Amino acid sequence: MSKSRLAFRRVLLKLSGESLATKSGFGIDTESLEEVVGEIATLCERGLDVAVVVGGGNIVRGERTSSKTKIERVTADCMGMMGTVINALALRSALNSHGIDARVMSALSLVAMCELYNRDQALAHLEKKRVLILACGTGNPYFTTDTAAALRASELNCDVLVKATTVEGIYDSDPKQNADSQIVKEISYHDVLADDLRIMDHAAIALARDSDIPILVCSFSKPRAVLEALSGEGTFSVIRSPNLSKPIEQST
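Chemist: Quick rundown of the nonpolar core? Include the residues and the values.
Modeler: Within the largest apolar cluster, 43 residues are counted, with the highest numbers of intra-cluster contacts made by L91 and L230. Those residues within four positions of L230 in sequence are excluded, and the remaining contacts are L6, F8, V11, L43, L48, V160, V162 and L216. Ranked by size, the runner-up nonpolar core spans 30 residues in total, among them C158, I170, V192 and M200.

Chemist: A description of the pattern of salt bridges should follow, citing residues and the corresponding values.
Modeler: Side chains that differ in charge, positive against negative, can pair when their charged atoms come close. Within this structure, the stated rule accounts for 15 salt bridges. The partner of D101 in a salt bridge is R103, and the shortest N-O contact between them spans 3.3 Å. By relative accessible area, which is 33% here, D101 ends up partly exposed. Note on R103: relative accessible area 26%, which makes it partly exposed.

Chemist: Which residues make up unusual backbone geometry, and what are the values?
Modeler: In this structure, C136 is a non-glycine residue whose phi angle is positive, near 70°. Within the secondary structure, C136 is located in the loop between β5 (131–135) and α5 (145–155). Backbone geometry places D196, a non-glycine residue, at a positive phi of 55°. Position of D196 relative to the elements: it lies in the loop between α6 (189–194) and α7 (202–211).

Chemist: Give a detailed account of the packing of aromatic side chains, specifying residues and quantitative values.
Modeler: Across all of its chains, the model carries zero aromatic pairs by this definition. Geometry around Y117 places R152 over its ring, the cationic atom sitting 3.8 Å from the centre. Above the face of the F236 ring, K185 is positioned so that its terminal group lies 3.7 Å from the ring centre.

Chemist: Could you give me a rundown of a nonpolar patch on the surface, with the residues and numbers involved?
Modeler: On the surface, V74, Y142 and F143 cluster together to form a nonpolar patch covering roughly 310 Å² of accessible area. By the secondary structure assignment, V74 is in helix α3 (residues 73–97).

Chemist: Kindly report on helix α1 (residues 30–45), identifying the contributing residues and their values.
Modeler: Over its 16 residues, α1 runs 22 Å from end to end, which matches the ideal 22 Å to within 8%, given 1.5 Å per residue. Taken as a whole, α1 has its buried residues at S32, L33, V36, V37, E39, I40, A41, T42 and L43. In this structure, the buried residues of α1 make contact with β1 (10–15), β2 (49–54), α3, β5 and α8 (225–230). At the N-terminal end of α1, a side-chain oxygen is found 3.3 Å from the backbone nitrogen of E31, two or three residues along, and the residue is D29. Of the residues flanking the end of α1, it is G47, one or two places downstream, whose phi is positive at about 85°.

Chemist: A description of α3 should follow, citing residues and the corresponding values.
Modeler: Here α3 is 25 residues long and its end C-alpha atoms lie 36 Å apart, about the 36 Å a rise of 1.5 Å per residue gives. Among all positions in α3, only A76, D77, G80, M81, G83, T84, V85, N87, A88, L91, A94 and L95 are buried. One or two residues past the end of α3 sits G99, with phi positive at roughly 80°.

Chemist: Run through the packing of α5 against α7, naming residues and quoting values.
Modeler: It is at 8 Å that the axes of α5 and α7 come closest, and there the two elements cross at 15°. By the angle between their directions, the pair α5 and α7 is classed as roughly parallel. Remark: the crossing between α5 and α7 carries left-handed chirality. Between α5 and α7, the contacting residues are D146, T147, A150, L151 and S154 on the first element and A203, A204, L207, A208 and S211 on the second. Among the residues forming the contact of α5 with α7, the class breakdown is six nonpolar, three polar and one charged.

Chemist: So what about the side chain of S188? Which residues, and what values?
Modeler: Along the polypeptide, S188 turns up in the loop between β9 (186–187) and α6. We classify S188 as buried; its relative accessible area is 14%.

Chemist: Please set out the sheet that holds strand β6 (residues 160–165) residue by residue, giving values where relevant.
Modeler: Spatial strand order, β4-β3-β5-β2-β1-β6-β10-β11-β9: nine strands in an open sheet with mixed pairing. The open sheet terminates on both sides in strands that have one partner only, identified here as β4 (115–116) and β9. Direction of pairing for β9 relative to strand β11 (residues 237–239): parallel, over a ladder of two bridges. If you follow E186 over to β11, its bridge partner there is V238. Against the sheet, α1 makes contact with β1, β2 and β5, and its axis sits at roughly 155° relative to β2, the strand it touches most. Along the sheet face, α5 touches β1, β2, β5 and β6 and points at about 175° away from the line of β1.

Parameters at a glance
- Sequence positions are assigned chain by chain, starting from 1 and proceeding in written order.
- Thresholds applied to this predicted model are a pLDDT of at least 70 for local features of residues and 80 or more for the giving and counting of side-chain atom pairs; totals over whole chains, interfaces and linings are not thresholded and use all residues.
- Where side-chain values are given, they derive from all heavy atoms of the structure, hydrogens and water being excluded.
- Nonpolar core, defined: a set of buried Ala, Val, Leu, Ile, Met, Phe, Trp, Tyr and Cys residues in which side-chain atoms within 4.5 Å join the residues together.
- For each residue, the accessible area found with a 1.4 Å probe, counting protein chains only, is set against the maximum for its type, and the residue is called buried under 20%, exposed over 50%, and partly exposed in between.
- Throughout, a contact is declared for two residues whenever any of their heavy atoms are within 4.5 Å.
- For this document, the term salt bridge refers to a Lys or Arg side-chain nitrogen within 4 Å of an Asp or Glu carboxyl oxygen.
- Helix and strand assignments follow DSSP, with helices taken as H or I runs no shorter than four residues and strands as E runs no shorter than two, numbered in order from the N terminus.
- Stacked, edge-to-face and tilted are the three classes for Phe, Tyr and Trp ring pairs, Trp counted by its six-membered ring, which pair at centre distances within 6.5 Å; planes under 30 degrees apart are stacked, over 60 edge-to-face, the rest tilted.
- Both a distance and an angle decide whether a charge sits over a ring: NZ of Lys or CZ of Arg must be within 6 Å of the ring centre and within 35 degrees of the ring normal.
- Only residues whose relative accessible area exceeds 30% and that form no salt bridge are eligible for patches; like-charged ones are grouped when within 9 Å, while nonpolar side chains (Val, Leu, Ile, Met, Phe, Trp, Tyr) are grouped when within 5 Å.
- Each accessible area value is a Shrake-Rupley result obtained with a 1.4 Å probe; residue values ignore everything except the protein chains displayed when judging cover.
- Expected helix span is taken as 1.5 Å per residue step, with the number of steps being one fewer than the number of residues.
- N or O atoms closer than or at 3.5 Å make up a polar contact, with two conditions inside protein: a donor-capable atom paired with an acceptor-capable one, and, for residues adjacent in sequence, both atoms drawn from side chains.
- Where helices are involved, their axes are fitted lines through C-alpha atoms of the stretch in contact, as for all axes, and angles between N-to-C directions lie from 0 to 180°.
- What sets the label is the angle itself: under 35 degrees gives roughly parallel, over 145 gives roughly antiparallel, 65 to 115 gives roughly perpendicular, and the rest give oblique.
- In this scheme the handedness of a crossing depends on how the near helix is turned from the far one: anticlockwise by less than a right angle means left-handed, clockwise means right-handed.
- Residues are grouped as follows: Ala, Val, Leu, Ile, Met, Phe, Trp, Tyr, Cys and Pro are nonpolar; Asp, Glu, Lys and Arg are charged; every other residue, Gly included, is polar.
- Two strands make a pair as long as DSSP finds a minimum of two bridges between them.

See below:
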């Protein structure tokens, strides 16, 4: 891979809780955590400012918990927010153990464990090249961590939002049902919303559109997939405005 300067300076990386999970999909797996740290390290090595929004689905998923139990949705979503804190603390500790300065900021006050989110302080952390891990989503029930990722990307002046998931991008049909399905290299925010594509929730797509922040969708299971996508290489999909956004490519 070329070592030329990347076209982006600041990236918001959206990780699902499952990226840290054991094979059962629950809890935190040491090997998975180390792989995540390795991917973040490659971004730091290239000089990028890195903010991370982490989900909590490997601990508890609010909507699913509410639908399967008698726990009301608001309470279940609060439980899910606590799951993101567990993941964020684990990720911070793992990054610190590898010599990478990382800070956790939470949308809810948890002063004994992490800082309360404050935009000015968050920007200061990024300017000092600290990895900023953002927990508790938006701090509100009914809003997903995808929406939190788009919100924080907008607030923190990020150049790009990377949705690292279990698939390599956006497909033109369900790859589980159609062996001939193909990756859609590029799609507009409008088409994602109009076609009701479930890549991210609609609030997240609309926020990214309004701030003209491109969304890269790539697999986190392949080593260096995030860096390759940011370099315009490898397999990924991009959601953006066809008229306003810059191309996803390396600058000279």
